[in-house]
Structure formats: C-alpha cells, structure tokens
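# Architecture at a glance
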Amino acid sequence: MAGRLEEWVDERLGWPSAIRSALLQRVPRLSWGHVLGSATLVTLIILILTGVLLSFSYVPSPDEAHTTVEYITQELPFGAFIRNLHHFGASALVVLSIAHLIRVIVHGAHKYPREFTWFTGVVLLLLVFAAGFTGSLLPWDQNAFWATAVRMRVIEVTPGIGDRLAGVLMGGEELSAVSLVRFFIAHVWVVPSLIVTVVVMHLRLVHKHGISGVPRRGE
Ligand code: HEM
C-alpha cells in the first residue's frame, strides 16, 4: 500500500525519487569538519522558525517595539526561551558559517569544480551579516538604537554610494519610525527570502558535485 502510494506521488511530483537521490548519495571518507555545513543549515532553520514565532507578537513601531519585546520575554509562555534561541542562534550562525568556510579552505573544497558552490557560500555569509545588522535595531532600546546609529555613520562615509545607501536604509537622515519599519521588512522578508533562495542553489550545487572528501597527501 505504502509502496503504491509512493509510486503514485512519484509519478506526479517526483518527490520520493528526489529525496532518495539526495539522501542516498555515496560520500567519500569524511571528517568531523564535514558536519559544519549541516550544523549551519540546522541553525538557519531554527532561526527561521523562532523568527516566525517572534514576529507574531512583535510590533515594529517606536512606541510598541520595546514594549512588545518585553512582553515576549516576560509574559509570553516560552517567550524568553524562543527569543534567546533566536538571539544566540544568530551568533552561532555567524560562527558556524565561518568555521564551515575555514573547513572548506583547509580541505581545498573551494577549487574546481566547486567554484560556484564557494561563490554562493560567500553570498550567504554576506546575507548572514545583513540579517544580523537589520535584526539588531528591532529591540529598539538604547543599545540597539545607538549601535545602529554608529553603523549608519560608518556606512554614510563609504565613498561613492555611502550617503545614498544610508538614506535608503533609514528612509531619511536620522533613525526614525520609517527606519524601524524598513529594517523590520528587510529582516523578516527581504534577507530571509534571499538566504533561502541562495541556500537552495548552494545545496543543489553540493548535490551536483558530491561532497569532496578529506584530501590525500599530494592532492
Ligand atoms: C547559511 C550558510 C551556509 C549553509 C546553510 C551551508 C550549507 C552547506 C552544506 C549542508 C554543505 C554540505 C556538507 C559540508 O560539506 O559541510 C555545504 C558544502 C559547501 N559549502 Fe556551504 N553552507 C553555508 C555557507 C557557506 C560559506 C560561507 C562557504 C564559503 C564561502 C561555503 C562553501 C561551501 C563549499 C565550497 C561546499 C562544498 C564542500 C565539499 O564539497 O566538501 N558554504 N554547505
């Protein structure tokens, strides 16, 4: 029965064979360092899930942002746990992505034919930084406000595009209600959609080329 159902779905959607080909791929001799890519992926999934949960109770306006964050932490059941998971998960994502990048370099896995896997990885790292940057303003407390204000000044003095980029991000010359909404939209929609798109490209390339093993002496 289960077999016939699987065949039925496979003929129409192709999912069972796609999942089988992804999970049953032959891999060469691996090291513990090879878990870092999957650990990064699991952390990313936790961040997306906790982020969705937080967004049910967060209001991106100067009058309510801080109050709703306090409500999440102090009154919402499991709110503090979910917020801390999101907060520390964000730092873990940066650390794991960089550790994964170092593992890739150490094993020479960025070389032919995996140049584009590497390139999509670099884009992912930049997007991970963008997620942290846009998220850090959202608590809208003194720390969040002034840390972002200083970063915006740094962006402003970037030659050429700095002024314009800071203007687009803040929606004016100073941090305001408009900036908070822009940072919120960037943090919950723009950056995560880009991250998910590039992760799918990254994993398709990993699947296409197969995972490279631990290089032997002289390789
Ligand atoms: C959100 C961030 C990222 C996720 C979720 C992710 C996920 C993964 C996974 C699951 C693998 C296969 C297992 C492994 O080799 O560890 C992999 C492989 C790979 N990743 Fe990433 N990655 C990310 C960021 C990066 C970064 C920052 C780089 C480098 C700039 C990178 C470059 C590569 C390369 C070259 C491979 C192929 C490695 C091989 O074949 O041995 N990735 N990635």
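Whatever comes next refers back to the structure up there.
So, here's what we can say about the structure. (Residues numbered from 1 in each chain as written. Predicted model: local features only at pLDDT ≥ 70, side-chain atom pairs only at ≥ 80, totals over all residues. Heavy atoms only, no water.)

Glancing now at the overall build of the protein chain. A count of helices and strands for the protein chain gives nine helices and zero strands. Along the protein chain, from the amino end to the carboxyl end, the secondary structure elements read α-α-α-α-α-α-α-α-α. Projected onto the principal axes, the alpha-carbon positions of the protein chain cover approximately 55 × 50 × 30 Å. The 219 residues of the protein chain split such that 30% are buried. A fraction of 67% describes how many contacts in the protein chain between residues 6 or more apart in sequence connect residues 24 or more apart. Accessible area for the protein chain stands at about 14500 Å²; split by element, carbon and sulfur atoms hold 68% of it. Distance between charge centroids for the protein chain: 17 Å, based on 17 positive and 15 negative side chains. (Helix = DSSP H or I, 4+ residues; strand = E, 2+ residues; numbered from the N terminus. Buried < 20%, exposed > 50% of the residue type's maximum accessible area, 1.4 Å probe, protein only. Contact = heavy atoms within 4.5 Å. Areas by Shrake-Rupley, 256 points an atom, 1.4 Å probe, with all protein chains shown as cover. Lys, Arg positive; Asp, Glu negative; His and termini not counted. Charge placed at Lys NZ, Arg CZ, Asp CG, Glu CD.)

Positionally, S179 belongs in helix α9 (residues 177-209). Within the local environment of S179, its side chain forms a polar contact with the backbone oxygen of M170, the two atoms lying 2.8 Å apart. Side-chain polar atoms of S179 contact the backbone nitrogen of S176, separated by 2.7 Å. Among all residues touching S179, those that are not within four sequence positions of it are L137, L169, M170 and E174. (Polar contact = N/O pair within 3.5 Å; in protein donor to acceptor, adjacent residues only side chain to side chain.)

Considering all chains together, one arrives at five aromatic pairs under this definition. Pairing F116 with F119 gives two aromatic rings, centres 6.4 Å apart and planes at 85 degrees, and the pair type is edge-to-face. Of the two residues, F116 and F119 are both situated in helix α6 (residues 115-135); the distance of three residues between them amounts to about one turn of the helix. Note on W140 and F145: the rings are 5.5 Å apart at their centroids and 85 degrees apart in plane angle, and the pair reads as edge-to-face. Through a chain of ring-to-ring contacts, three or more aromatic side chains come together here, namely W140, F145 and W146. (Phe/Tyr/Trp six-rings, centres within 6.5 Å; stacked < 30°, edge-to-face > 60°.)

The next subject is the coordination of the iron atom of the ligand. Only H100 (NE2) and H202 (NE2) from the protein reach the iron atom of the ligand as donors, at distances of 2.1 Å. Because the angles between the six donor atoms bound to the iron atom of the ligand fall within 86 to 179 degrees, the donor set is best described as octahedral. You can see H100 sitting in helix α5 (residues 79-106) and its partner H202 sitting in helix α9, a full 102 residues away along the chain. (Donors = N, O, S within 2.8 Å, 3.2 Å for Na, K, Ca; no water. Tetrahedral: all angles 85-135°; square planar, octahedral: opposite > 155°, others 65-115°.)

Core analysis: the largest hydrophobic core is formed by 19 residues, its most contacted members being Y58, L137, L138, M152, L175, L180 and F183. Where this core is concerned, the elements lending two or more residues are α4 (65-74), α7 (142-156), α8 (162-170) and α9. Here L180 is in contact with Y58, P60, S61, P62, A65, L137, L138 and W140, once residues within four sequence places are set aside. In terms of nonpolar packing, the next biggest core, distinct from the first, is built from 11 residues, L44, L124, A131 and V191 among them. (Core = buried A, V, L, I, M, F, W, Y, C linked by side-chain atoms within 4.5 Å.)

Moving on: the packing of α8 against α9. For any two helices packed against each other, one specifies the inter-axial angle together with the distance between the axes. The N-to-C vectors of α8 and α9 enclose an angle of 90 degrees; their axes lie 7 Å apart at closest approach. With respect to their mutual orientation, α8 and α9 come out roughly perpendicular. Where α8 approaches α9, its residues G167, V168, L169 and M170 are matched on the opposing element by V178, S179, R182 and F183. Grouping the amino acids of the contact of α8 with α9 by side-chain chemistry returns five nonpolar, two polar and one charged. (Axes fitted to C-alpha atoms, helices over the stretch in contact; angles between N-to-C directions. Parallel < 35°, antiparallel > 145°, perpendicular 65-115°, else oblique. Nonpolar A, V, L, I, M, F, W, Y, C, P; charged D, E, K, R; others polar.)

A few words now on the pattern of salt bridges. Per the stated rule, a full pass over the model turns up four salt bridges. As a salt-bridge pair, E6 and R20 come within 2.4 Å of each other at their nearest N and O atoms. Of this pair, E6 sits in helix α1 (residues 2-13) while R20 sits in helix α2 (residues 15-23), and the two are 14 residues apart along the sequence. Its relative accessible area of 38% is what places R20 among the partly exposed residues. When the shortest N-O distance is used, the salt bridge between E156 and R153 registers 2.9 Å. Of this pair, E156 and R153 both sit in helix α7, three residues apart, which is roughly one turn of that helix. Counted as one network, the salt bridges with shared partners bring together R153, E156 and E174. (Salt bridge = Lys/Arg side-chain N within 4 Å of Asp/Glu carboxyl O.)

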